[in-house]
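Structure at a glance
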Amino acid sequence: EQTTNLRQPSYLKVPPLRGKTDKLKVLVAAPFFSVKAYCVNDWGKVLQQFDHPNYDIFLVDTSEDPNFYKLVVDYNKLEFPVETQPWLDTTRKRQTLAYNRIRDYFLAGDYDYLFTCESDVFPPKDVITRLLEHNKDIIGGVYYIGYDNQKRPCVTSGDHTINGSSWVDEFLPTHMMNGEIVRIGGGCGFGACLIKRNVLERIKFRYDVLHADTYFHEDCKRLGYTTWVDTSIVCRHYPSVETYKDF
(Lines give C-alpha, C1' and ligand atoms only; values in the text may rest on other atoms or scores of the structure.)
Protein backbone atom coordinates (compact mmCIF):
# COMPACT_ATOMS: atom_id res chain seq x y z
CA GLU A 1 0.00 0.00 0.00
CA GLN A 2 1.77 3.12 -1.22
CA THR A 3 1.03 6.75 -1.92
CA THR A 4 2.89 9.78 -3.21
CA ASN A 5 0.65 12.52 -1.81
CA LEU A 6 1.22 12.64 1.94
CA ARG A 7 1.33 16.35 2.67
CA GLN A 8 -2.29 16.87 3.74
CA PRO A 9 -4.53 14.64 5.82
CA SER A 10 -7.49 13.15 3.98
CA TYR A 11 -10.51 11.11 4.97
CA LEU A 12 -11.47 7.70 3.70
CA LYS A 13 -14.34 5.50 4.80
CA VAL A 14 -12.93 1.98 4.90
CA PRO A 15 -15.30 -1.01 4.62
CA PRO A 16 -15.04 -2.97 7.87
CA LEU A 17 -13.51 -6.43 7.90
CA ARG A 18 -15.43 -7.50 11.00
CA GLY A 19 -15.22 -11.23 11.64
CA LYS A 20 -12.25 -11.69 9.32
CA THR A 21 -9.39 -10.71 11.62
CA ASP A 22 -9.57 -13.28 14.44
CA LYS A 23 -6.83 -15.47 12.95
CA LEU A 24 -4.36 -12.62 12.52
CA LYS A 25 -1.60 -13.02 15.09
CA VAL A 26 -0.52 -9.88 16.92
CA LEU A 27 2.45 -9.19 19.17
CA VAL A 28 1.69 -6.54 21.81
CA ALA A 29 5.01 -5.06 22.88
CA ALA A 30 6.66 -2.01 24.39
CA PRO A 31 9.54 -0.78 26.52
CA PHE A 32 8.76 0.25 30.09
CA PHE A 33 10.74 2.18 32.67
CA SER A 34 10.77 2.65 36.45
CA VAL A 35 9.86 6.34 36.11
CA LYS A 36 6.37 5.09 35.24
CA ALA A 37 6.12 3.08 38.46
CA TYR A 38 2.98 5.05 39.42
CA CYS A 39 0.97 3.44 36.60
CA VAL A 40 2.90 0.50 35.16
CA ASN A 41 1.16 -2.16 37.24
CA ASP A 42 -2.29 -1.09 36.05
CA TRP A 43 -0.89 -0.83 32.52
CA GLY A 44 0.16 -4.47 32.82
CA LYS A 45 -3.47 -5.35 33.53
CA VAL A 46 -4.66 -3.40 30.49
CA LEU A 47 -2.30 -5.34 28.22
CA GLN A 48 -3.90 -8.61 29.30
CA GLN A 49 -7.49 -7.49 28.68
CA PHE A 50 -7.58 -6.80 24.93
CA ASP A 51 -10.46 -8.62 23.24
CA HIS A 52 -8.54 -9.80 20.16
CA PRO A 53 -8.39 -13.61 20.49
CA ASN A 54 -4.90 -14.16 19.06
CA TYR A 55 -2.11 -12.09 20.61
CA ASP A 56 1.06 -12.48 22.65
CA ILE A 57 2.82 -9.96 24.88
CA PHE A 58 6.53 -9.13 25.03
CA LEU A 59 8.02 -6.35 27.17
CA VAL A 60 11.48 -4.84 27.59
CA ASP A 61 12.44 -3.14 30.86
CA THR A 62 14.78 -0.21 30.17
CA SER A 63 15.16 0.81 33.84
CA GLU A 64 18.49 1.51 35.52
CA ASP A 65 17.43 -0.85 38.33
CA PRO A 66 17.84 -4.32 36.79
CA ASN A 67 15.26 -5.74 39.20
CA PHE A 68 12.43 -3.28 38.59
CA TYR A 69 10.71 -5.64 36.15
CA LYS A 70 10.24 -8.19 38.95
CA LEU A 71 7.80 -5.86 40.72
CA VAL A 72 5.66 -5.67 37.60
CA VAL A 73 5.84 -9.40 36.92
CA ASP A 74 5.00 -10.36 40.50
CA TYR A 75 2.20 -7.83 40.87
CA ASN A 76 0.42 -8.94 37.71
CA LYS A 77 1.46 -12.61 37.88
CA LEU A 78 2.74 -12.22 34.34
CA GLU A 79 3.32 -15.35 32.32
CA PHE A 80 4.75 -13.76 29.17
CA PRO A 81 8.36 -12.81 28.34
CA VAL A 82 9.86 -9.73 29.97
CA GLU A 83 13.47 -8.88 29.19
CA THR A 84 15.93 -6.35 30.57
CA GLN A 85 18.64 -4.49 28.71
CA PRO A 86 21.83 -2.58 29.58
CA TRP A 87 21.33 0.89 31.02
CA LEU A 88 21.96 3.69 28.51
CA ASP A 89 22.30 7.39 29.27
CA THR A 90 19.40 8.83 27.25
CA THR A 91 15.76 7.89 26.77
CA ARG A 92 16.19 7.95 22.99
CA LYS A 93 18.99 5.39 23.14
CA ARG A 94 17.14 3.15 25.59
CA GLN A 95 13.88 3.15 23.67
CA THR A 96 15.53 2.55 20.30
CA LEU A 97 17.52 -0.40 21.62
CA ALA A 98 14.32 -1.82 23.14
CA TYR A 99 12.26 -1.36 19.98
CA ASN A 100 14.89 -3.10 17.89
CA ARG A 101 14.88 -6.00 20.36
CA ILE A 102 11.08 -6.08 20.01
CA ARG A 103 11.45 -6.04 16.22
CA ASP A 104 13.86 -9.02 16.35
CA TYR A 105 11.48 -10.94 18.62
CA PHE A 106 8.56 -10.14 16.32
CA LEU A 107 10.35 -11.20 13.13
CA ALA A 108 11.54 -14.44 14.74
CA GLY A 109 7.91 -15.40 15.34
CA ASP A 110 4.95 -15.96 13.05
CA TYR A 111 3.25 -12.66 13.84
CA ASP A 112 1.20 -10.69 11.31
CA TYR A 113 1.16 -7.37 13.20
CA LEU A 114 3.01 -5.55 15.97
CA PHE A 115 0.93 -3.41 18.34
CA THR A 116 3.01 -0.94 20.33
CA CYS A 117 1.51 0.27 23.59
CA GLU A 118 3.67 2.58 25.70
CA SER A 119 3.61 2.24 29.46
CA ASP A 120 1.61 5.38 30.24
CA VAL A 121 -1.01 4.90 27.49
CA PHE A 122 -4.17 2.91 28.23
CA PRO A 123 -6.11 1.98 25.06
CA PRO A 124 -9.67 0.61 25.04
CA LYS A 125 -9.85 -3.17 25.18
CA ASP A 126 -11.12 -3.44 21.59
CA VAL A 127 -8.31 -1.31 20.11
CA ILE A 128 -6.55 -4.18 18.29
CA THR A 129 -9.77 -5.56 16.82
CA ARG A 130 -10.82 -2.15 15.54
CA LEU A 131 -7.43 -1.28 14.05
CA LEU A 132 -7.10 -4.66 12.33
CA GLU A 133 -10.40 -4.15 10.55
CA HIS A 134 -8.90 -1.32 8.51
CA ASN A 135 -6.26 -3.58 6.93
CA LYS A 136 -3.57 -0.86 6.87
CA ASP A 137 0.21 -1.12 6.90
CA ILE A 138 0.48 1.41 9.75
CA ILE A 139 -2.45 2.72 11.76
CA GLY A 140 -2.75 4.20 15.21
CA GLY A 141 -5.21 5.30 17.80
CA VAL A 142 -5.11 8.76 19.35
CA TYR A 143 -3.95 9.98 22.73
CA TYR A 144 -3.41 13.53 23.87
CA ILE A 145 -0.22 15.18 25.04
CA GLY A 146 0.14 18.52 26.79
CA TYR A 147 1.78 21.50 25.15
CA ASP A 148 1.53 25.17 26.14
CA ASN A 149 -1.32 24.40 28.56
CA GLN A 150 -3.31 22.75 25.79
CA LYS A 151 -4.09 19.16 24.93
CA ARG A 152 -2.91 18.15 21.46
CA PRO A 153 -3.42 14.81 19.73
CA CYS A 154 -0.09 12.97 19.45
CA VAL A 155 -0.46 12.87 15.66
CA THR A 156 1.40 15.03 13.17
CA SER A 157 -0.15 15.96 9.85
CA GLY A 158 2.97 17.10 7.98
CA ASP A 159 6.76 17.02 7.94
CA HIS A 160 8.62 16.70 11.23
CA THR A 161 11.25 19.03 12.64
CA ILE A 162 14.04 17.07 11.00
CA ASN A 163 12.95 18.69 7.74
CA GLY A 164 12.98 22.15 9.23
CA SER A 165 9.34 22.58 10.23
CA SER A 166 7.86 22.72 13.72
CA TRP A 167 6.46 19.59 15.37
CA VAL A 168 3.92 21.66 17.33
CA ASP A 169 2.65 23.52 14.28
CA GLU A 170 2.07 20.19 12.60
CA PHE A 171 -0.19 18.61 15.25
CA LEU A 172 -3.36 17.18 13.76
CA PRO A 173 -6.00 19.93 14.16
CA THR A 174 -8.60 19.08 16.77
CA HIS A 175 -11.43 19.69 14.30
CA MET A 176 -10.21 16.61 12.42
CA MET A 177 -10.83 14.48 15.50
CA ASN A 178 -14.29 13.55 14.28
CA GLY A 179 -14.23 9.76 14.32
CA GLU A 180 -13.02 9.34 10.74
CA ILE A 181 -10.04 7.40 9.43
CA VAL A 182 -7.36 9.97 8.62
CA ARG A 183 -4.40 9.54 6.26
CA ILE A 184 -1.57 11.63 7.67
CA GLY A 185 1.64 12.98 6.23
CA GLY A 186 3.51 12.95 9.54
CA GLY A 187 3.14 10.14 12.03
CA CYS A 188 1.56 8.95 15.25
CA GLY A 189 3.14 8.08 18.56
CA PHE A 190 3.95 4.53 19.59
CA GLY A 191 1.45 4.73 22.44
CA ALA A 192 -1.09 2.80 20.35
CA CYS A 193 0.19 1.89 16.91
CA LEU A 194 -0.45 -1.22 14.77
CA ILE A 195 2.25 -2.10 12.22
CA LYS A 196 2.07 -4.81 9.57
CA ARG A 197 4.86 -7.36 9.24
CA ASN A 198 5.97 -6.30 5.77
CA VAL A 199 6.86 -2.85 7.13
CA LEU A 200 9.02 -4.19 9.95
CA GLU A 201 10.81 -6.52 7.55
CA ARG A 202 12.13 -3.43 5.77
CA ILE A 203 12.60 -0.86 8.53
CA LYS A 204 14.69 -0.89 11.71
CA PHE A 205 14.26 1.64 14.47
CA ARG A 206 16.74 4.50 14.81
CA TYR A 207 17.10 7.80 16.65
CA ASP A 208 18.89 11.12 16.38
CA VAL A 209 17.76 14.43 17.84
CA LEU A 210 14.21 13.07 18.12
CA HIS A 211 12.73 9.76 19.22
CA ALA A 212 12.47 6.50 17.31
CA ASP A 213 8.80 6.93 16.39
CA THR A 214 9.58 10.14 14.48
CA TYR A 215 12.25 8.53 12.32
CA PHE A 216 10.22 5.37 11.87
CA HIS A 217 7.47 7.35 10.17
CA GLU A 218 10.02 9.29 8.11
CA ASP A 219 11.50 6.00 6.89
CA CYS A 220 8.03 4.65 6.15
CA LYS A 221 7.27 7.68 3.98
CA ARG A 222 10.60 7.31 2.20
CA LEU A 223 9.67 3.73 1.27
CA GLY A 224 6.18 4.74 0.17
CA TYR A 225 4.11 3.54 3.14
CA THR A 226 1.10 5.46 4.37
CA THR A 227 0.33 6.13 8.03
CA TRP A 228 -3.30 6.27 9.12
CA VAL A 229 -5.07 7.19 12.35
CA ASP A 230 -8.50 6.07 13.52
CA THR A 231 -9.72 9.17 15.32
CA SER A 232 -12.61 7.26 16.86
CA ILE A 233 -10.10 5.40 19.09
CA VAL A 234 -9.04 7.68 21.92
CA CYS A 235 -6.70 6.27 24.56
CA ARG A 236 -6.11 7.56 28.06
CA HIS A 237 -2.63 9.01 28.58
CA TYR A 238 -1.02 9.46 32.00
CA PRO A 239 2.40 11.10 31.46
CA SER A 240 2.90 11.93 35.15
CA VAL A 241 1.75 10.85 38.58
CA GLU A 242 -0.32 14.06 38.83
CA THR A 243 -2.35 13.11 35.74
CA TYR A 244 -2.87 9.57 37.02
CA LYS A 245 -5.11 10.49 39.92
CA ASP A 246 -8.26 10.09 37.82
CA PHE A 247 -7.60 6.51 36.69
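Refer to the structure printed above.
First things first, this report covers the structure right here in the doc. (Residues numbered from 1 in each chain as written. Predicted model: local features only at pLDDT ≥ 70, side-chain atom pairs only at ≥ 80, totals over all residues. Heavy atoms only, no water.)

**Considerations on the overall build of the chain**
When helices and strands are counted, the chain shows 6 helices and 15 strands. Looking at the chain as a whole, 52% of its 247 residues qualify as buried. Partitioning the intrachain contacts of the chain with sequence separation of at least 6 by distance along the chain shows that 77% fall at a separation of at least 24. Total accessible area on the chain is roughly 11400 Å²; 48% of this is exposed by carbon and sulfur atoms. (Helix = DSSP H or I, 4+ residues; strand = E, 2+ residues; numbered from the N terminus. Buried < 20%, exposed > 50% of the residue type's maximum accessible area, 1.4 Å probe, protein only. Contact = heavy atoms within 4.5 Å. Areas by Shrake-Rupley, 256 points an atom, 1.4 Å probe, with all protein chains shown as cover.)

**Looking at the pairing of strand S11 (residues 181-184)**
Residue alternation in S11 divides its side chains into two sets, Ile181 and Arg183 and Val182 and Ile184, and both sets are buried. Looking at chain direction, S11 and strand S14 (residues 227-234) are connected through 4 bridges and run antiparallel. Of the residues in S14, the one forming a bridge with Ile181 is Asp230. (Pairing = 2+ DSSP bridges.)

**Observations regarding the nonpolar core**
Counting 38 residues, the largest nonpolar core has Val26, Val28, Trp43, Phe50 and Phe115 as the members making the most contacts within it. Beyond its immediate stretch of four places on either side in the chain, Val28 contacts Leu47, Phe50, Tyr55, Asp56, Ile57, Phe58, Phe115 and Ile128. In terms of nonpolar packing, the next biggest core, distinct from the first, is built from 31 residues, Leu114, Leu172, Ile184 and Cys188 among them. (Core = buried A, V, L, I, M, F, W, Y, C linked by side-chain atoms within 4.5 Å.)

**Some remarks on the packing of aromatic side chains**
Applying the stated criterion to the full structure yields 13 aromatic pairs. Ring geometry for Phe32 versus Phe68: centroids 6.2 Å apart, planes at 50°, classification tilted. Separated by 36 residues along the polypeptide, Phe32 in strand S2 (residues 26-32) and Phe68 in helix H2 (residues 68-76) bring together distant segments of the chain. As far as burial versus exposure is concerned, Phe32 and Phe68 are alike and both buried. Taking 5.4 Å as the distance between ring centres and 40° as the angle between the ring planes, the aromatic pair formed by Tyr99 and Phe205 counts as tilted. Of this pair, Tyr99 sits in helix H3 (residues 91-108) while Phe205 sits in the loop between helix H5 (197-200) and helix H6 (212-222), and the two are 106 residues apart along the sequence. For the pair Tyr99 and Phe205, a shared accessibility class is recorded, and that class is buried. (Phe/Tyr/Trp six-rings, centres within 6.5 Å; stacked < 30°, edge-to-face > 60°.)

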